[in-house]
Every structure is written in structure tokens, then in C-alpha cells.
Amino acid sequence: MMKRSHFISTIGLWAVAAFLLMCGHACAQQEKKPTPKRPQRIEEHVAYRAFETMGHSTYILDKTVDLGGKAWQLPEGVTIVCRGGIFRNGTLAGNNTCIKGEGTVFDHVTIKGSWCVPKITTAMFRNLNYDNALRDVMALTSPAMQNTVTIAESLYTFNLKEGDDIGISVPDSTCLVLDGTLTLKPNRLLYYDIISIEGNDIHITGEGSIVGDRSKHAGSEGEWGMGIRFKGASGCSMQGITISDCWGDGICIGRMSKDITIRNCQISKCRRQGITVGAAEHVLIEDVTITDIAGTKPEYAIDVEPNKTQSASNVVVRRVTTTNCMGAFKATVNKGSSVTDVVFEECRAFNTGRWPVFKIKGCKNVEVRNCDVKGSDAKYTIVAVRNNGITFKGNAFHVNNRLTYTEKNIEFVSNKILR
């Protein structure tokens, strides 16, 4: 038999072991702390008075600020620092307001007032699926500073009406990077501009598109629905944009615009013209493709034609290709107007329709050089009358009709006539 003292000792050892095991388990439970839950974002209404004492200070936007459908005027000189919060549901009027940081700032917010935001992107807005939404993006620009506005790849719609017939206006000193598609909803307007450019030092670039409403236009009158219109603009350019289906012209340059460059663009299916150059000077159009211009006169790919008493001068059209347009290249005057110093160089025209490929009337100092022309349904490929100093040099004409209808003062040098 086991001795009593030995039995008691064994029980004691087991008891000590059990006690130590329990202590270790308790310590382990104490060391393993539960993971705290991430706090949820708090939405709060912002009282107007909360901003009244914050003029010329910094506001940290780290919460969702619900404007409650109301219009709020920010104090002067506030700097908003983005830290993950947003403004939503209302109208926010800036007052020389700055925005710093990146990310989404607005959700269904109408932008008013004055802002100091050098770099503006559509990514600052959570939702731009409503009509005319890009007006809120452009409202962050300021003519007092250099702005870069980036319109990311997406679909943006415009719904225009009488008295509200401009989609967006681009202010002075703005670089607009257009990668999205701007689409006009059907209307019956005689006149509209999807983009209006009236200032100085404005440049549009990107790979985006502007689509008019020609195929679904609700009316039958008018011819002045433009994709882009330059009105008294100066030192402006456009590059890489596709324009189509406008009720009038793809691009219209007028009201004494100057120093305008159109480069590497594609224009198609516009009803009146591809590009009209009206009252303007120092215009360069190069490396542009224009197709399927037809619907209402003049129906030319490019037409240099100022209104009465106005003038167009120093216009260069270089490496422009036209296909299936009713007319290709035109320069002509109206009563009391003048067109001087125009060059068509290295251009190509294919399958021109009912009008002459070149129609040049009443102009001074026009030169057509190194162009290639194939096909025309008109009676004459060239109509050139009442001009003072006009030269066709080094061109190739593939024609099956009469080549020219012309009067005096034309110089025809080193051209190839192929039938």
C-alpha cells in the first residue's frame, strides 16, 4: 500500500499544477484584447454660424457635411483641407475659397461664388450623372488664375433650352483636358453652343468627344447649333477633340477672334459646316479630318466667310482631309466684308458632293498649293471669281468634270490634271 505521506504529496503536486494552469489561462485571456470596432462616419448638418467665425482660416473636411438642401455662403478666404469628408445635398457658394488635398469633395452640390482652385477634376464630384453637371465643375474656375480642368472619361449630358443655350463657358487662362463625351439632349433651338470660348489664353486638349443633337433634333428651323464657338477669343487652341452631329457647325470662329489654332481634330456629320471662320485673324487649322458635312447650305468642310462689313485675314488651312462633304474648301466675301491672305496647303478632298471643291470669291491674296483632289459631283471643280491675286500651284486634280470657272487674276502653275 502507498504510504499516506506519499499520497498526500502527490495530491499536492496535482493541485499546484492545476493552479498554475488556471493562472496561465487567465493571463492569456488578459493579453488577448478584443479588436475595437471602426467608428462609423458621422453625418451632421452644418449651421451657417459655424462658418461665420472662420473667415481666413482652415476648415478640416473630415466628415460628411449634409447641407440639408440649403444654400450656404462660405466666409471670405476659407481654405478647405480634404481629409475624407464631403459636402452633400445643397448649394455651396465660395468666397475666394481654396481647396487643398485630393479625393471627392462634393456630392449633389451646386457650386456658386468665387473659388481659388488651380487644379480641378471631375473626380472631386461623387456624382455627375445629372444634366448640365459640368457647369458645377467649371464653376470652381477663376479668371484671375491659371486653371487646369480635367474632365475624365465618362458620359456627361446637357439639356439646353431657350435663354439657356450654352452648355459650358470656359473662362480666361484655362486649360481644359477633355477625355469624356459631352452629349446634347434633343431640343428645338435655332442656336446653341455646347462649349463657348470668349476669353483669352484658353486651351482645350484631350481625347474626348462632343456630340450634338442633329439626329434627334426636335425642330426643323435654324442652323446655328455649334459644337464649339470662339467668340472674340484670343490666343486659344483646341487639339485632339472629336466633334459630331451638330445642328450647325462643328466649330465656329468669329466676332473678331485672333490667334486661334485648331489641330488634330475630327469633325463629322454636322449639318451646316465642319469649320466656319468668320470675323477672325491669324487662324491656323491643321491635321484635321472632316467627313459627311451636309444638310443645309453652305455645307462646306471649311468656309472662310465673315458676315457683312466684317473681315477675315491670315488664315492657314494645312493638311486637312475632307471626305463625303458637299463642298470642301471655301473662301468668300459678303456685302462690305473682306477676306485676305488665305492659304490652303497640302489638303486632300475626296468624293465632294454638289458644290465645287474650291469656291473662292471676292478675296485678296489666296494660295492653293500642293493639294490633292479626287472626285466632285459639281459642274466645276474650282470656281474662282472676282479675286485679286489667287494662285493654284503644285496641285493634283483627279477630275471627270470641268476643272475651273474663273475670271482674270488667277495664276495656275505646275498643276497636274488627271482624268
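Residues numbered from 1 in each chain as written. Predicted model: local features only at pLDDT ≥ 70, side-chain atom pairs only at ≥ 80, totals over all residues. Heavy atoms only, no water.

**Looking at the overall build of the chain**
Right, so step 1: The number of helices and strands found in the chain is 3 helices and 40 strands.
Right, so step 2: Working note: accessible area of the chain is about 20600 Å², and carbon and sulfur atoms make up 50% of it. (Helix = DSSP H or I, 4+ residues; strand = E, 2+ residues; numbered from the N terminus. Areas by Shrake-Rupley, 256 points an atom, 1.4 Å probe, with all protein chains shown as cover.)

**Describing the sheet that holds strand β27 (residues 311-318)**
As a general point, the strands of a sheet are linked pairwise by backbone hydrogen bonds and lie either parallel or antiparallel.
Right, so step 1: With parallel pairing, 12 strands are arranged side by side in an open sheet as β8-β9-β12-β15-β18-β21-β24-β27-β30-β33-β36-β39. The open sheet is flanked by β8 (119-121) and β39 (410-413), the only strands paired with a single partner. The sheet shows a mean angle of 10° between the axes of neighbouring strands, direction not considered.
Right, so step 2: Of the strand pairs in this sheet, β8 and strand β9 (residues 147-151) are connected by 3 bridges, and their pairing is parallel. By the bridge assignment, I120 is partnered in β9 with V149. (Pairing = 2+ DSSP bridges. Axes fitted to C-alpha atoms, helices over the stretch in contact; angles between N-to-C directions.)

**Thoughts on the sheet that holds strand β19 (residues 242-244)**
Right, so step 1: Read from one edge to the other, the open sheet built from 11 strands follows the order β10-β13-β16-β19-β22-β25-β28-β31-β34-β37-β40, with strand pairing classed as parallel. Each edge of the open sheet is held by one strand with a lone partner, namely β10 (155-158) and β40 (416-418). Across this sheet, the average inter-strand angle for adjacent strands is 10°, counted without regard to direction.
Right, so step 2: Pairing of strand β25 (residues 289-291) with strand β28 (residues 321-323) involves 3 bridges; the strand directions are parallel. Bridge assignment links T289 to a residue of β28, and that residue is T321.

**Re the packing of aromatic side chains**
Right, so step 1: Enumeration according to the criterion identifies 12 aromatic pairs in this entry.
Right, so step 2: Ring geometry for F329 against F344: centres 5.5 Å apart, planes inclined by 50°, an arrangement best described as tilted. On the criterion of sequence distance, the pair formed by F329 in strand β29 (residues 327-332) and F344 in strand β30 (residues 338-345) is long-range, its members being 15 residues apart. Across the pair, exposure class does not vary: F329 and F344 are buried alike.
Right, so step 3: Both rings, one in F358 and one in F392, keep their centres 5.8 Å apart while their planes meet at 85°; by these two values the pair is edge-to-face. Separated by 34 residues along the polypeptide, F358 in strand β32 (residues 358-361) and F392 in strand β36 (residues 388-393) bring together distant segments of the chain. Here the two residues F358 and F392 agree in accessibility, since each one is buried. (Phe/Tyr/Trp six-rings, centres within 6.5 Å; stacked < 30°, edge-to-face > 60°. Buried < 20%, exposed > 50% of the residue type's maximum accessible area, 1.4 Å probe, protein only.)

**A few points about the side chain of S244**
Right, so step 1: Relative to the helices and strands, S244 resides in strand β19.
Right, so step 2: Judged by its relative accessible area of 17%, S244 is buried.
Right, so step 3: Those residues in contact with S244, other than ones at most four positions away along the chain, are I210, V211, G212, S268 and C270. (Contact = heavy atoms within 4.5 Å.)

**Description of the nonpolar core**
Right, so step 1: Judged by nonpolar contacts, the single largest core of 101 residues is most densely connected at F87, F106, I262 and F358.
Right, so step 2: Those residues within four positions of F106 in sequence are excluded, and the remaining contacts are F87, L92, I99, I111, W115, M124, F125, R126 and L140. (Core = buried A, V, L, I, M, F, W, Y, C linked by side-chain atoms within 4.5 Å.)

**Topic: the pattern of salt bridges**
Right, so step 1: The tally for this structure, following the rule as stated, stands at 21 salt bridges.
Right, so step 2: With a shortest N-O distance of 3.1 Å, E223 and R272 are connected by a salt bridge. Remark: R272 occurs in the loop between β22 (266-268) and β23 (273-277) and E223 occurs in the loop between β16 (209-211) and β17 (224-231); sequence separation between them is 49 residues.
Right, so step 3: Notably, a salt bridge pairs D287 with R319, separated by 2.7 Å at the nearest N-O pair. (Salt bridge = Lys/Arg side-chain N within 4 Å of Asp/Glu carboxyl O.)

**Structural notes on the state of the cysteines**
Right, so step 1: Inspection of the entire model under this criterion finds 0 disulfides.
Right, so step 2: The cysteine C325 is free of any disulfide, with C270 supplying the nearest cysteine sulfur at 9.6 Å.
Right, so step 3: Among the residues examined, C325 registers a relative accessible area of 2% and is labelled buried. (Disulfide = S-S within 2.5 Å.)

**Comments concerning the pairing of strand β13 (residues 181-184)**
Right, so step 1: Burial along β13 is one-sided: L182 and L184 are buried, and none of T181 and T183, which face the opposite way, are.
Right, so step 2: Sheet topology note: the β10/β13 ladder contains 4 bridges and is parallel. When the bridges of β13 are listed, F158 appears paired with L184.
Right, so step 3: Two strands pair when backbone bridges link them, and β13 and β16 are joined in this way by 3 bridges, in the parallel orientation. Its bridge partner lying in β16, T181 is registered against S209.

**Some words on unusual backbone geometry**
Right, so step 1: Here the residue pair K297 and P298 is connected by a cis peptide bond, since its omega of 10° sits within 30 degrees of zero.
Right, so step 2: Despite not being glycine, D201 shows a phi value in the positive range, around 55°.
Right, so step 3: Structurally, D201 is set in the loop between β14 (191-197) and β15 (202-205).
Right, so step 4: The phi dihedral of K269 is positive, around 60°, even though this residue is not glycine.

**Focus: the confidence of the model for the chain**
Right, so step 1: Per-residue confidence for the chain averages 89 on the pLDDT scale, and 87% of its residues sit at or above 70.
Right, so step 2: Across residues 1-12 the pLDDT falls below 50, and counting only partners more than four positions away or on other chains, this stretch makes 1 contact in the model.
Right, so step 3: Within the model, the stretch residues 26-33 combines pLDDT values under 50 with 0 contacts to residues more than four positions away or in other chains. (pLDDT = per-residue confidence, 0-100.)

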